[in-house]
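Summary of the model geometry
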Amino acid sequence: MLFRSLARAKAVTDNAQVIYNSPRQAVLGNPNGKITLVEFFDYNCGYCKKALEDLAQIIKEEPELRIVIKDFPVLGPGSVEAAQVATALRNQFTGDKYWQYHQKLLGTRGQIGKAQAISVARELGADILRLEKDTSDPATQASIQEVMNIADALQLTGTPSFVLADDIVIGAVGYEALKTKIGNVKKCGKTLCG
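Residues numbered from 1 in each chain as written. Predicted model: local features only at pLDDT ≥ 70, side-chain atom pairs only at ≥ 80, totals over all residues. Heavy atoms only, no water.

1. Topic: the overall build of the protein chain
Stated formally: In this description a helix means any DSSP run of H or I spanning at least four residues, a strand means any run of E spanning at least two, and both kinds are numbered starting from the N terminus. Only C-alpha atoms enter the radius of gyration; for comparison, a globular chain is expected to reach 2.2 Å times N to the power 0.38, where N is the number of residues. We call a residue buried when its accessible area falls under 20% of the maximum for its residue type, exposed when it is over 50%, and partly exposed in between, using a 1.4 Å probe and counting protein chains only. We call two residues in contact when some of their heavy atoms are within 4.5 Å. All accessibility values rest on the Shrake-Rupley procedure with a 1.4 Å probe; residue burial counts only the protein chains present in the view. Two residue types count as positive, namely Lys and Arg, and two as negative, namely Asp and Glu; His and chain ends fall outside the count. Taken as the charge centre is NZ of Lys, CZ of Arg, CG of Asp or CD of Glu, depending on the residue.
When helices and strands are tallied, the protein chain shows nine helices and five strands. The helix and strand sequence of the protein chain, counted from the amino end, reads α-α-β-β-α-β-α-α-α-α-α-β-β-α. Computed over the C-alpha atoms, the radius of gyration of the protein chain is 16 Å, within 12% of the 16 Å expected from 2.2 N^0.38 for a compact globule of 194 residues. Taken over the C-alpha atoms alone, the protein chain extends approximately 55 × 30 × 30 Å along its principal axes. Burial analysis of the protein chain (194 residues in total) assigns 49% to the buried set. By sequence separation, contacts in the protein chain at least 24 residues apart represent 76% of the contacts at least 6 residues apart. Carbon together with sulfur atoms contributes 53% to the accessible area of the protein chain, which is approximately 9500 Å² in total. Averaging the locations of the 23 positively and 21 negatively charged side chains of the protein chain gives two centres separated by 2 Å.

2. Some points on the state of the cysteines
For clarity, the threshold we go by: Disulfide assignment relies on a single distance test, namely cysteine sulfur atoms paired within 2.5 Å.
One pass over the structure, following the stated rule, counts one disulfide. Paired by a disulfide, Cys188 and Cys193 hold their sulfur atoms 2.2 Å apart. Between Cys188 and Cys193 the disulfide shows an S-S torsion of about -95°. By sign, it is left-handed. Given a relative accessible area of 36%, Cys193 falls into the partly exposed group.

3. Describing the nonpolar core
Defined as follows: Buried Ala, Val, Leu, Ile, Met, Phe, Trp, Tyr and Cys residues that are joined via side-chain atoms within 4.5 Å together make up what is termed a nonpolar core.
Grouped together as the largest cluster of nonpolar side chains are 44 residues, with contacts concentrated most on Tyr43, Ile67, Tyr98, Tyr101 and Leu131. The biggest single contributor to this core is helix α3 (residues 46–61), with seven residues. Here Tyr101 is in contact with Tyr43, Val85, Ala86, Leu89, Phe93, Ala117, Val120, Ala121 and Leu124, once residues within four sequence places are set aside.

4. Here's the deal with the environment of Lys104
If you trace the backbone, Lys104 turns up in helix α5 (residues 95–106). Its relative accessible area of 36% is what places Lys104 among the partly exposed residues. A C-alpha to C-alpha distance of 7.1 Å links Lys104 and Val120, two positions 16 residues apart in sequence. The residues touching Lys104, leaving out its near neighbours within four places in the chain, are Val120 and Glu123.

5. Side note on the packing of aromatic side chains
The cut-off we apply is this: Any two rings among Phe, Tyr and Trp, with Trp reduced to its six-membered ring, count as a pair given centres within 6.5 Å; such a pair is stacked if its planes are under 30 degrees apart, edge-to-face if over 60, and tilted if neither. Geometrically, a lysine NZ or arginine CZ counts as sitting over a ring once it is within 6 Å of the ring centre and also within 35 degrees of the ring normal.
A full pass over the atoms with the stated rule returns three aromatic pairs. Between the aromatic rings of Phe41 and Tyr43, the centroid separation amounts to 4.9 Å while the plane-to-plane angle is 85°, which identifies the pairing as edge-to-face. We note that Phe41, like Tyr43, is buried. Relative to Tyr101, the ring of Tyr98 lies with its centre 5.9 Å away and its plane at 45°, an arrangement referred to as tilted. With Tyr98 and Tyr101 both in helix α5 and three residues apart, the pair spans about one turn of that helix. The positively charged end of Lys97 is found above the aromatic ring belonging to Phe93, 5.0 Å away from the centroid.

6. Digging into the packing of helix α4 (residues 77–89) against helix α8 (residues 138–153)
Short version of the rule: The axes used here are C-alpha line fits, helices contributing only the stretch in contact, and every angle between their N-to-C directions lies in the interval 0 to 180 degrees. Roughly parallel refers to an angle under 35 degrees, roughly antiparallel to one over 145, roughly perpendicular to one between 65 and 115, and oblique to any angle outside these ranges. Crossing handedness is read from the near helix: turned anticlockwise from the far helix by less than a right angle, it gives a left-handed crossing, and turned clockwise, a right-handed one. Three classes are used: nonpolar for Ala, Val, Leu, Ile, Met, Phe, Trp, Tyr, Cys and Pro, charged for Asp, Glu, Lys and Arg, and polar for all others, with Gly counted as polar.
Closest axis-to-axis distance for the α4/α8 pair is 9 Å, and the angle between their directions is 115°. The pairing of α4 with α8 is recorded here as roughly perpendicular in orientation. In this structure, α4 meets α8 at a crossing whose hand is right-handed. Facing α4, whose interface residues are Ala83, Gln84, Thr87 and Ala88, α8 presents Thr140, Gln141, Ser143 and Ile144. Here the residues of the contact of α4 with α8 sort into three nonpolar, five polar and no charged.

7. A few points about the sheet that holds strand β2 (residues 35–41)
The cut-off we apply is this: Whether two strands pair depends on DSSP finding at least two bridges between them.
Taken in spatial order, the five strands line up as β1-β3-β2-β4-β5 in an open sheet, and their pairing is mixed. Edge positions in the open sheet fall to β1 (26–29) and β5 (167–170), since each of these has one partner strand only. Geometrically, the sheet is characterised by an average inter-axis angle of 25° between neighbouring strands, direction not taken into account. Pairing between β1 and strand β3 (residues 65–71): four bridges, direction antiparallel. Considered in β3, the bridge of Leu28 is made with Ile67. Taken strand by strand, α3 contacts β1, β2, β3 and β4 (161–164), and its axis lies near 165° from that of β2.

Given below as structure tokens:
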């Protein structure tokens, strides 16, 4: 267990630029925030749907928090399709508009795939012809592959998974646990202050 923790911490350090600052990932909250929380999620993950409420509350309460979300489609073909559409949509939607899309799609009941992802995009005013084109663009595939490579380096096997400072938090740990870890990063730069 300790070896795995050390290996993950080293992987965070070795891949920090791509984890925290990849131009291929969506940024929510304060884009210039002093603290960055990264979430690896899947649109078909029930635990990610629960963690969305925690994230929404934290965004409201933490004006200095920058959140990077990474599509990590591990729950089947529908998840891959939804990730492709959502990734392509970032060519049209950013910031609050993308956050609105993310919340609505993640809040959709039932299995999510391409049809649901496009339907939500259409509802929010996306250019669907452009979206279809961008979905099959090699840059969209490269973005998803980048996340898969990072997740592999971090030894992530499920969603949601979070990266905060030099720590990896596995699972929907709840609002209080995330809030405490963010508070610790503010105090001492780490998720656990000694």
